[in-house]
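# Reading the structure
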Number of protein chains: 2
Amino acid sequence: MRIALDAMGTDNRPLSDIAGGVLAANEFGDTIVLVGDKRMIEAELKNHAVETSNVEILHAPDDIAMDEKPTDVLKLGASSSIHVALEAVKNGDVDAFVTMGNTGAVHALATLKTLRRIPGVKRPVLSALFAINDHRMIFLDVGANTDVKAEWVPQFAMMGSIYAERVMRCAKPRIALLSNGAEEIKGNLLIREAAQLLRHSKMNFVGNVEPVELMTSVADVIVMDGFVGNIVLKMFEATTHYVATLLRQEFRNDAFSMLGGALARPAFNRIRRRVDTSQIGGAPLLGVNGVVIIGHGGNSAIGIKNAIQQARSAVRENVISAIRSGIAQELT
Amino acid sequence: MRIALDAMGTDNRPLSDIAGGVLAANEFGDTIVLVGDKRMIEAELKNHAVETSNVEILHAPDDIAMDEKPTDVLKLGASSSIHVALEAVKNGDVDAFVTMGNTGAVHALATLKTLRRIPGVKRPVLSALFAINDHRMIFLDVGANTDVKAEWVPQFAMMGSIYAERVMRCAKPRIALLSNGAEEIKGNLLIREAAQLLRHSKMNFVGNVEPVELMTSVADVIVMDGFVGNIVLKMFEATTHYVATLLRQEFRNDAFSMLGGALARPAFNRIRRRVDTSQIGGAPLLGVNGVVIIGHGGNSAIGIKNAIQQARSAVRENVISAIRSGIAQELT
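Everything in this summary refers to the structure shown in the same document. Here the structure is a predicted model, which means the values were calculated and not measured.

Right, let's talk about the packing of helix H10 (residues 255-263) of chain B against helix H11 (residues 265-275) of chain B for a bit. Residues and elements named next belong to chain B. Remark: H10 packs on H11, axes separated minimally by 4 Å, with the N-to-C direction vectors making an angle of 65 degrees. Between H10 and H11, the contacting residues are Gly261, Ala262 and Leu263 on the first element and Arg265, Pro266 and Phe268 on the second. For the contact of H10 with H11, the residue count by class is 4 nonpolar, 1 polar and 1 charged.

Take a look at the structure:
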C-alpha cells in the first residue's frame, strides 16, 4: 500500500510530519510518500533511521498556510503539497492521503478541484473521532458545512456508519443526532426534520442525544451540523484546557496542595492523555472519491502514525466502495 | 421591595426554594413572597428561623413538573406556582419573580399568557450568566429560540448589554457573537448576517469569538442562537463533570495518587466552586414586561439567594424601563 503524507501539515512542519511518516514506514512496512519540498524533506530525513525503501518523496514546492482561506486556496496554483497529494490519490499513484494541514483547504481542493464527490453524494462531510473512556465515536459534520439541509443528514449518518463499522470496528453502529434535549420535540428545525428522516430510514437511529451523553457510550455515530459540531469540539477542548489551568493555579496555592500535586503527577499525566484527542491522529473527510484523513496541526509523530493507521484500514476495508454502494442503493 | 419566589422550583422542592427565600428575607430585608401550596410552605417554614414580617405566602395549589412540555403548560389552568407568580408581577403585587423551575414553562407562560413582550421586542430571550476567573459574561440566547433570525440578534445584544451594564455592573459591555472562528468569513449564515447588522449598528460590537475565548475576558455579552447556546452550556457542564470523573478514577489508581489527592482536597474543592455555575443562581428572561430570573433546578439555598439578589438589582436599576427605552429608540 502507498500512503501520501503531507510533509507540510503540522504547526512545526516538516519536523513532526516527517517523524510521524518515518514511524509509520518502519512500523507498518507500507510505502509512505512524503509530499512537500524535496530538498527540505531529504535534509530532514537524514535525522532519521528509516527503511529507505519504504519512503518516497513527491515534490511539491509550495505549502498552504493554516490561516489561508478556502476561497483563496482555490485560486492558488496546483503546486501545494495538499493539491499534489490529492492529485496523486486521484491518479491512483497512492491509495490514500493523510494531512495535519489546513482543513478548509483540503476540503475545498478535494471536493472542487481534485477527487470530487462520489456520484450522488450531496455534500462531503468532515468528521472527528472522539474517545470517552475507551469508547470511540465519530462526530460529523464538524466543519465542512455550516448550514446543513435536513436531506443531507441521512447521508452523513450513512457515511459515518460505514466508517465506524469498517475502520473503528464497531459492530452495529448506533446513530444519534446531537440536540438540546433527548425528547422528539426538542431541537431546532434542522434536527427535528432530520430526526424524522432518520426514523423513517432503515438506519440504526437511536434518537437524539444531549452533550452529557457524548460522555457516555450510548451512541457511536453522532450527527450534527458543521457549525455546531465545530463549536462542540472546540468547547470540549477549551473547557478541558480551562480546568487544567484551574488545577495548575489551585495546586500552587499552598504547600499541601503542591505536595499533593507532585505526588499525583502520574495521575495528571494519565488524565491529560485521556482527554487529548490528538492521540487519535485524525478523522476522514467522507464523500469524496478517495481516502483522506485530516488531523490537528498540533499532532505529534504518534498521532500522525495513528492517522496513517486509519488511512490503511480505510483502504484495506474498502470504505470508499462501501460508500459508493451505499449511495447507489439510496438512489435506486 | 417584594420579590415572588417559586416555592416549587428546585429538584427537591420546596426545601431548597424555601431555604433560599428565608436566607434572602433575613439578609436583604425585602419581602419574599413564597408562591406555592400554602399548607406545604407553612409546614416547611416552621423549620426555619425567619423574620416573619419579611415572608409572605401566595397560594398556588399546583406545580409544573420539570419535564412538562411548554405546549402542554399553556393548556393547564392558571393555578400553578409559575402562573400565579407571573400574574402577581403583571398586576404589580410583586416587583419580580425568581424561579428554579421549568424554563420552557416560564418562558411560555410569561411570553404568551401573562407578562407578554415589551412592545417592539421581536423575541424574548433566555440568558445565562457565566463566570471565568471572576470575569462575568451574559450568554444569550440559551434556549428560548432554537431557530433565530438575524434581525432578532441586535435586540438580543441590546437587552443583554443593558443587563450587563445595570445588574452586572460592567461599564461598557463588549458584545461578541459566538462563532466557529474569529474571522468574518467564518460562521453560519445566521452569524454572518447578524455580524453585518451589529457592525452597522451603534452597539459596542467587538466581533466574533470562538469557544476558547469564552474562557478569557475578551467580551461581556456573548450572543448565539438558543440551540447553540443551550448546547454550549451543556457541553461545558458535561465536560467539567467528565474531567471530575477522570480525576476521581485516576486518583484512586495508586497509593501516591491517593495521598496526593487527599492532600489536595482543598484545592479540588476550590476548583469545584470555580466551575460550578449554580453559585450565580440564575439569569434573566429578557424582553417581557417584568423582571423574571430563572435558575437551575439543582440550585442550593445560596444560589437561590443570589438569584434573588439579581432580581433586586434588576428592579432597582430599572432594567425593564431601560429595555423599553432601548426598543423605543430602535423603533424611531
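Residues and elements named next belong to chain B. On inspection of all chains with the given rule, the structure shows 24 salt bridges over all chains. When the shortest N-O distance is used, the salt bridge between Glu27 and Lys305 registers 2.9 Å. Linking Glu27 in helix H1 (residues 15-28) with Lys305 in helix H12 (residues 301-316), this pair joins segments that are 278 residues apart in sequence. On the accessibility criterion, Lys305 (13% relative accessible area) is buried.

With that out of the way, let us pick up unusual backbone geometry. Residue and element names in this part refer to chain A. Residue Pro14 is reached from Arg13 by a cis peptide bond, and omega for that bond is -10 degrees. By the element assignment, Pro14 lies in the loop between strand S1 (2-6) and helix H1 (15-28). Cis geometry marks the peptide bond from Leu140 to Asp141, where omega comes out at 5 degrees. Mapped onto the elements, Asp141 comes out in the loop between strand S6 (135-140) and helix H6 (153-166). Here the phi dihedral of Arg169 falls at roughly 55 degrees; this positive angle occurs in a residue that is not glycine.

In an α-helix there are 3.6 residues to a turn, and that puts residues three or four apart on one side. The set of residues buried in helix H11 (residues 265-275) of chain A consists of A:Ala267, A:Phe268, A:Arg270, A:Ile271 and A:Val275. All buried residues of H11(A) project into a common sector of 160 degrees when viewed along the axis, lining one side. Of the residues in H11(A), the exposed ones pointing more than 90 degrees away from the buried face are A:Arg265 and A:Arg272. Residues of H11(A) that are buried make contact with helix H9 (226-251) and helix H10 (255-263) of chain A together with helix H9 (226-251) and H10 of chain B.

Two descriptors summarise a pair of aromatic rings, namely the distance from one centre to the other and the angle between the planes of the rings. Evaluated as defined, the whole model comprises 10 aromatic pairs over all chains. An angle of 85 degrees between the planes, with centres 5.2 Å apart, marks the rings of A:Phe251 and A:Phe268 as edge-to-face. One end of the pair, A:Phe251, is in helix H9; the other, A:Phe268, is in helix H11, and 17 residues separate them in sequence. On the basis of relative accessibility, which here comes to 15%, the residue A:Phe268 falls in the buried class. Judged by centre distance (4.8 Å) and plane angle (75 degrees), the ring pair of B:Phe130 and B:Phe236 falls under edge-to-face. One end of the pair, B:Phe130, is in strand S5 (residues 125-132); the other, B:Phe236, is in helix H9, and 106 residues separate them in sequence.

Note on interface size: it is often stated as the accessible area lost on association of the parts. On the chain A side, the residues contacting the 52 residues of chain B number 52 residues. Between chain B and chain A, a total of about 4900 Å² is buried, with carbon and sulfur atoms accounting for 72% of that surface. Considering only the surface of chain B that becomes buried against chain A, B:Phe227, B:Met235 and B:Tyr242 emerge as the three largest contributors, covering 14% of it. Remark: the boundary between chain B and chain A carries 8 salt bridges. As a salt-bridge pair, B:Arg274 and A:Glu250 come within 2.7 Å of each other at their nearest N and O atoms. On inspection of chain B and its partner chain A, the count reaches 15 residue pairs in polar contact (both at pLDDT 80 or more). Listing elements by their share of the side of chain B that touches chain A, those giving two or more residues are S5, helix H7 (189-199), helix H8 (211-214), H9, H10 and H11 of chain B.

Thresholds applied
Residues numbered from 1 in each chain as written. Chains lettered and ligands numbered in written order. Predicted model: local features only at pLDDT ≥ 70, side-chain atom pairs only at ≥ 80, totals over all residues. Heavy atoms only, no water. Axes fitted to C-alpha atoms, helices over the stretch in contact; angles between N-to-C directions. Helix = DSSP H or I, 4+ residues; strand = E, 2+ residues; numbered from the N terminus. Contact = heavy atoms within 4.5 Å. Nonpolar A, V, L, I, M, F, W, Y, C, P; charged D, E, K, R; others polar. Salt bridge = Lys/Arg side-chain N within 4 Å of Asp/Glu carboxyl O. Buried < 20%, exposed > 50% of the residue type's maximum accessible area, 1.4 Å probe, protein only. Arc of directions from axis to C-beta. Phe/Tyr/Trp six-rings, centres within 6.5 Å; stacked < 30°, edge-to-face > 60°. Buried area = accessible area lost by both parts, 1.4 Å probe. Polar contact = N/O pair within 3.5 Å; in protein donor to acceptor, adjacent residues only side chain to side chain.

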